[in-house]
Every structure is written in structure tokens, then in C-alpha cells.
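Residues per chain, in single letters:
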Amino acid sequence: MKKFEELRFFSKPLLKEANYAAHREKRSKCINPELIENLSLNSIYHVLKFWYHKKNELRLFVEINDKGEFELLDTSITRYESLPIIRYFDNGKYEIDFQKRPYPNGREWQETEIKKPVRKQSKFRKNVLEAYSNCCAVCDINQPSLIRAAHILNVKDGGPDTINNGIALCVNHEIAFDIGILTITTDYKVKTKNDIGVQLQKLKLPKSKNYYPNKEYLKKKNEIITAANNSYK
Ligand SMILES: [Zn+2]
């Protein structure tokens with residue numbers, strides 16, 4: 001016997017799942033869910049063809065009836081490759097080849113296109129980390145990938161991207177500083193509300209006085225935190 005056609009296909013549940021995923025992953029072509037709801041559970045829905053729509057995304061032509069009518073559905077290559085394959089033979093027989101899914105037990109997965117965010121901050125970050133020798137200003141962490149350049153006065157509150165509006169803090173302490181669990185007084189004393197791994201009582205300052213945190217910004221920042229805390233009470 002000779003194979004004359006090989007196609008990937010959806011069952012109704014698989015089509016529903018891929019369509020949900022396309023919605024969730026904000027792809028441009030999805031199928032009207034009502035249309036899928038009205039499809040028979042006992043049929044299979046061939047992918048008639050596809051094209052490489054975008055990097056890592058395929059646009060599928062999904063056959064939705066035996067008249068050859070189709071709907072367009074965008075999907076990731078991984079999801080397409082997880083679809084079962086049906087091979088038709090010239091004697092009227094066929095075989096089905098189920099594919100391994102990326103996650104076991106029918107677990108769903110999410111795929112998104114990773115778009116690199118525009119790092120307007122990169123120069124600020126570089127300058128602040130340099131001023132603080134890549135070390136958190138309140139603890140000993142000095143692994144650059146764990147160090148953030150924290151704005152004292154947030155950009156949305158009018159804080160500039162200057163070194164004196166920045167402090168190098170590790171990820172934990174940056175969050176603590178942002179929400180006011182960790183505060184820095186205008187004379188550079190470090191105060192914490194809980195034990196969050198800060199042993200220092202005074203901020204480690206940059207070598208150059210020009211880069212010291214600006215006291216006005218610290219004062220404003222502390223006022224904003226106090227006001228925010230009061231509004232929760
Ligand atoms: Zn730290």
C-alpha cells in the first residue's frame with residue numbers, strides 16, 4: 001500500500017484548546033468559539049496547509065467541513081508539532097500518529113512572543129551600578145544580575161535619571177525600598193521595618209560625593225511613602 005497523503009489534524013477538543021491559546025497569546029487569527037462549539041465531536045479537522053506567518057508562528061488553514069471550507073488559526077510551531085498526524089493510504093486505510101505534547105497529562109501551556117522591552121534605563125543603570133561598584137548599598141550582594149539601579153524618586157514622581165537619584169540595591173532590597181519596608185534618611189541611615197537581611201545602619205556611599213543620593217529626593221521619597229502608608233490606615 002502506498003501513502004498518498006499525510007496531514008496534521010485537530011479533534012474538536014484540540015481545536016478548542018488551540019483556539020483558546022491563540023486568544024490568550026493574543027495572536028491575530030482566531031476562530032469564532034461558537035463555530036467550534038457547533039462542530040461534531042466525532043470528526044477530525046485537517047490542517048490543509050499552513051504558512052510561516054511570523055517567526056515561530058504558523059497560520060493554519062483548518063478544514064471545518066467536508067466541503068473544504070476552512071478557518072484561519074495562528075499558532076506556535078510547538079503547538080502545531082504537537083498535533084496528531086493522519087496518514088491516508090491508497091487502499092482507503094489510514095493510520096494515526098499521536099505526538100508527544102510539550103507537557104504531560106494534558107497540561108496546557110502558554111507561549112508568547114518574547115519582545116525585548118526598550119531599556120531606556122540602561123544608561124542610568126550602568127552609571128548607578130558603576131558608582132556603587134556593582135554592590136547593593138545595604139548588603140553584601142555584588143552579583144550584577146541581582147543588582148538594580150533603584151530610583152530614589154520614581155520617574156512618575158518627577159525623578160530624573162541622574163546618579164544622585166539612584167541607589168544600587170539588590171532585587172530584594174530594591175522592592176523593600178520601593179514599598180517603604182526599607183527607608184533611607186536624609187543623613188543616609190538605613191531603617192527597616194522587618195528583618196530583611198540588612199546589617200548596615202548606614203548606606204554604603206559612592207566614592208565620589210557628587211554621586212551621593214540627593215537629600216531632597218530622599219526627603220520627597222520618604223514623604224511619598226509616609227503619605228501612602230497613612231492612606232492605608
Ligand atoms: Zn541587598
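What counts as what
Residues numbered from 1 in each chain as written. Predicted model: local features only at pLDDT ≥ 70, side-chain atom pairs only at ≥ 80, totals over all residues. Heavy atoms only, no water. Pairing = 2+ DSSP bridges. Helix = DSSP H or I, 4+ residues; strand = E, 2+ residues; numbered from the N terminus. Donors = N, O, S within 2.8 Å, 3.2 Å for Na, K, Ca; no water. Tetrahedral: all angles 85-135°; square planar, octahedral: opposite > 155°, others 65-115°. Buried < 20%, exposed > 50% of the residue type's maximum accessible area, 1.4 Å probe, protein only. Domains from an automatic or database assignment. Arc of directions from axis to C-beta. 1 Å grid on protein atoms, 1.4 Å probe; cavity = no way out; pocket = protein on both sides within 12 Å on 5 of 7 lines; lining within 4 Å. Points joined across faces, edges and corners; volume = space filled by probe spheres on them. Nonpolar A, V, L, I, M, F, W, Y, C, P; charged D, E, K, R; others polar.

Quick question: what am I supposed to make of the pairing of strand β6 (residues 94–97) here?
In the case of a regular strand, side chains alternate between the two sheet surfaces. Alignment of strand β5 (residues 85–89) against β6, held across four bridges, turns out to be antiparallel. Within the sheet, the bridge partner assigned to I85 lies in β6 and is D97. In sequence, β5 turns back onto β6 through a hairpin of four residues, with G92 there showing a positive phi of about 90°.

Would you mind going over the coordination of the zinc ion with me for this structure?
Every protein donor of the zinc ion is listed here as C136 (SG), C139 (SG), C170 (SG) and H173 (ND1), and their distances to the metal cover 2.0 to 2.3 Å. Note that the zinc ion binds four donor atoms; their angles at the metal cover 94 to 116°, and the shape is tetrahedral. Taken in chain order, the donor set of the zinc ion reads C-x2-C-x30-C-x2-H. Taken as a pair, C139 in the loop between α4 (122–131) and β7 (147–151) and C170 in strand β8 (residues 166–170) lie far apart in primary sequence, 31 residues in all. Here C139 falls in the buried class, since its relative accessible area comes to 10%.

Teacher, can you tell me more about the domain arrangement of the protein chain here?
By a frequent convention, interface size equals the accessible area lost on bringing the separate parts together. For the protein chain, the assigned domains read domain 1 (3–97) and domain 2 (122–225). The distance between the C-alpha centroids of domain 1 and domain 2 comes to 52 Å.

Would you mind going over the pairing of strand β3 (residues 57–63) with me for this structure?
For β3, the tally of buried residues reaches seven of seven residues, placing the bulk of the element in the interior. Neither face of β3 is left uncovered, since the one carrying E57, R59, F61 and E63 and the one carrying L58, L60 and V62 both have all their residues buried. Between strand β2 (residues 45–54) and β3, which pair antiparallel and follow one another directly, the connecting turn spans two residues, one of which, N56, has a positive phi of 65°.

What should I look at first to understand helix α5 (residues 171–179) in this one?
For an α-helix the count is 3.6 residues per turn, leaving residues at separations of three or four pointing the same way. Regarding α5, the residues found buried are H173, E174, A176 and F177. Around the axis of α5, the buried residues are gathered within 165° of arc, so they sit on the same side. In the stretch just after α5, G180 is the one whose phi turns positive, near 90°.

Any chance you could explain the layout of surface pockets here in plain terms?
Think of a ball as big as a water molecule: rolled over the atoms, this probe shows where empty space is left. Here the largest pocket is characterised by a volume of approximately 150 Å³. Forming the boundary of the largest pocket are 13 residues, of which D178, K221, I224, I225 and A228 lie nearest the centre. Of all the secondary-structure elements, those providing two or more residues to the lining of the largest pocket are α5 and α6 (215–232). The element that contributes the greatest number of residues to the lining of the largest pocket is α6, accounting for six residues. When its residues are assigned to classes, the lining of the largest pocket shows seven nonpolar, two polar and four charged.

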